[in-house]
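As a plain string of letters, each chain reads:
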Amino acid sequence: MFPLTHLIYLGLIAFGVLVVVTAQSFPQALSSRDIGPAALPEALAVIMIALILVDLYLSRRRVRFVSFSLLRVALAVGGGVGGAILVATHLGFLIVWPFALFAGLWLSGSRALLANTLYSICFPAMVWLLFDRLLHIPIASF
Amino acid sequence: MIEGILAGTALLTQPTVLLGLFIGVTIGMAFGALPGLDATSGTALLVAATYALSTEVALAVLIGLYTAATYAGSITAITIGVPGTPASAATVLDGYPMTKAGKLDRALSISIVTSVVGGMAGTVVLMFFSLPLAEFALNFGAPEYFALGVLGVAIIASLVRGMVLAGFVVALFGLILTTVGVDPFTGYPRFTYGNMNLLEGIPYIPALVGLFAVSEAITLLYTKGGERQVAGMPRFWAFNLPLSTVRQIARATTIGSVVGSVLGALPAIGAAAANWVGYNEARRFARNPEAYGQGSEEGLAAAESSNNSTISTSLVPLLAFGIPGSATAAVLLGAMLLHGVTPGPSLFVSNAGLVYFLFLTLGLANLIMLFYGIVGVGFWVRLVQMPTPFIVMTILTLSVVGAYSVRSNVFDVYLALGLGVLGFFIRQAGMSVVPIVLAIVLGTLIEENFRRSLISSNEGGMIFFNRPLALGILVLALITFVIPLARMGVEKRRKSAGVSQRANTASNLE
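Residues numbered from 1 in each chain as written. Chains lettered and ligands numbered in written order. Predicted model: local features only at pLDDT ≥ 70, side-chain atom pairs only at ≥ 80, totals over all residues. Heavy atoms only, no water.

Chemist: Explain the overall build of chain B residue by residue, including any values.
Modeler: Of the regular secondary structure elements, chain B holds 22 helices and 2 strands. Relative to the compact-globule value of 24 Å for 510 residues, chain B shows a C-alpha radius of gyration of 23 Å, a close match. Each principal axis of the C-alpha atoms in chain B carries an extent, and together these give about 80 × 70 × 45 Å. Total accessible area on chain B stands at roughly 18,600 Å², and carbon and sulfur atoms take up 66% of it. (Helix = DSSP H or I, 4+ residues; strand = E, 2+ residues; numbered from the N terminus. Rg over C-alpha atoms; globule rule 2.2 N^0.38 Å. Areas by Shrake-Rupley, 256 points an atom, 1.4 Å probe, with all protein chains shown as cover.)

Next up, the structure:
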């Protein structure tokens, strides 16, 4: 079990600090009436960090813990789909996606072999026909 | 007005537009009936597919999808007792008991007819409200638009139930994301870290796809989609609505339609809240309020008419001011911008035909939906039972292709995936991704109008105080921020007072 809200807030604080640090190198405004490119993101980041700290203080007695399986599912989907996209950029959508779908269905608990196979072949073909052939949005290349 | 209606009709009656609307309603019925998908994630998934279509066809597809998906959530609510979308939560109360009592055909018939009545009522309200509001908004300048943008984000953020501060935190995160890319006033690339893909900023469509669709797919996978046992299966021709029932539900349908139309026009209220308020108001004025919640036909009519009447009126802020009042309106705004259409008061002047086209499309989408609700409703009910892994893989595939297709850029797919994982964590923590999306859509408008106001004025920041309308809207935004916090403080104090009172009573008893 881990405190998910705290983890998100920690990430957002790190993001806010990065914004403030990076904005230091931005140039000045071109006009004396303008606030320049740095002021707004800096201000937003500072307010965000302040609100996070206030919220953490107010909710200090009700920390919400969630199971690690949540992290596992998110990483599995992120990693799996990311990996499939990476391979598809080299081999092409139509070649990679049927295998990716079949693996995805199997890993997410679908054991109907025939249905899985039919879906894995037909659905990417349908998507390719719709986007690539009918709408002329090229997708075979990634 | 007559000219506008004629121009809108000419656009709508093109065969490709009608075909697009028909396809949009069909996909919307499927998305709404599938548990986990709703009008917002469905629209986000389909935006990219409409990229290559003409503006009118694209809007017809998306409006058809939005309308039908909001209705079709009730199919799930009535057949399995689980709302297919948040907008049909109150529908479960009477729809599911009717199914268990063997009145599935009647429940589905009431649901479709009252949904269409509500949808039509909302469209009429949209037509009559957005025109005068847009005329009024023509006088707005940069300070007013800045203030409106801030108010839009503040309202959405304040509505994150039980986590007001978290709502504002994620909204601020979204606003910071919109500062990525070339600065519109100095041309300096901000937060790009040498990555050329970020020069144009965080692209809308991949962000919408990631935050709504990918995060939904991961959530479905994590929760396994829940139990989905259909309590009954309708016949292919299941329409069963005698005149006596129509007379009986007329009052509840009227109340639901009026409540939904009014609430829908208010930013951020949405179909989910209207569903409950419409239901409660109809019960308050009902001849037999005790029957509500136990398979009441009137209760079902009130719930269904109220949520569908918000579909059209939720577009009032978008069309009149160019500010989306709901998550789906934000997605529609993204779609319109993608096709070079900027909604707002100037659209009524520059392209009135398109505005009337939108009104008419909403009306016709309801009629096509009525056809689907009468003929072949059994097909949509069967779709409810689709196994979760297939739904998840369908969403993920469409997300990947949708994120890629707008710029033909793999970076956008990784961005959608990353934001999807982040969105999943945010949802699981009990927060909402809607404020981030609204902030991403409104962020550029807020910054540009803020800085334009400062540059064009001699009085610096005082310009916002010297313009009464801008000041009024900003004060409203401040109140929107303060009131939920104050309410939270009062509730906390009441709770702790209750605890100490119980402790005192316990010690007295000892």
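Chemist: Would you mind going over helix α1 (residues 2–12) of chain B in detail, with residue names and values included?
Modeler: Residues and elements named next belong to chain B. Within the span of α1, buried status applies to Gly 4, Gly 8, Leu 11 and Leu 12. Down the axis of α1, the sector holding all buried residues measures 95°, keeping them to one side. Facing away from the buried surface of α1 by more than 90 degrees, the exposed residues are Ile 2, Glu 3 and Leu 6. Where the residues of α1 are buried, they touch α2 (15–33), α4 (55–80) and α16 (352–374). (Buried < 20%, exposed > 50% of the residue type's maximum accessible area, 1.4 Å probe, protein only. Arc of directions from axis to C-beta. Contact = heavy atoms within 4.5 Å.)

Chemist: Please provide a residue-by-residue account of the pattern of salt bridges, values included.
Modeler: According to the stated counting rule, one finds 13 salt bridges over all chains in the structure shown. The salt bridge partner of B:Arg284 is B:Glu281, with a shortest N-O separation of 2.7 Å. You can see B:Arg284 and its partner B:Glu281 sitting in helix α11 (residues 270–284), 3 residues apart, about one turn around the helix. By relative accessible area, B:Arg284 is classed as exposed at 59%. The partner of B:Arg452 in a salt bridge is B:Glu448, and the shortest N-O contact between them spans 3.6 Å. One end of the pair, B:Arg452, and the other, B:Glu448, are both in helix α20 (residues 434–456), 4 residues apart, so they sit about a helical turn from each other. Owing to a relative accessible area of 41%, B:Arg452 belongs among the partly exposed residues under this scheme. The partly exposed category is assigned to B:Glu448, whose relative accessible area is 24%. Taken together, the salt bridges that share partners define one network made up of A:Asp34, B:Asp183, B:Arg190, B:Glu447 and B:Arg451. (Salt bridge = Lys/Arg side-chain N within 4 Å of Asp/Glu carboxyl O.)

Chemist: Lay out the side chain of B:Ser326 in plain terms, naming residues and giving numbers.
Modeler: Residue and element names in this part refer to chain B. Mapped onto the fold, Ser 326 is located in the loop between α13 (316–321) and α14 (327–338). Exposure remark for Ser 326: the relative accessible area of 14% places this residue in the buried category. Within the local environment of Ser 326, its side chain forms a polar contact with the backbone nitrogen of Ala 329, the two atoms lying 3.2 Å apart. In contact with Ser 326, other than residues within four places in its own chain, are Ser 314 and Leu 438. (Polar contact = N/O pair within 3.5 Å; in protein donor to acceptor, adjacent residues only side chain to side chain.)

Chemist: Let's hear about a nonpolar patch on the surface: which residues, and what values?
Modeler: Taken together, the side chains of A:Leu86, A:Val87, A:Leu91, A:Leu94, A:Ile95, A:Phe99 and B:Tyr414 make up a nonpolar region of the molecular surface, amounting to roughly 680 Å² of accessible area. With respect to the helices and strands, the residue A:Phe99 is situated in helix α4 (residues 93–107). (Patch = residues over 30% accessible without salt bridge, like charges linked within 9 Å, V, L, I, M, F, W, Y side chains within 5 Å.)

Chemist: Report on the environment of A:Arg33, specifying residues and quantitative values.
Modeler: Examined against the element boundaries, A:Arg33 turns out to sit in the loop between α1 (4–23) and α2 (36–58). Residues within four places of A:Arg33 in sequence aside, it is in contact with B:Leu454, B:Ile455, B:Ser456, B:Ser457 and B:Asn458. Reaching out from A:Arg33, the side chain makes a polar contact with the backbone oxygen of B:Ser457 at a distance of 3.4 Å. One polar contact links A:Arg33 to B:Asn458, side chain to side chain, over a distance of 2.4 Å.

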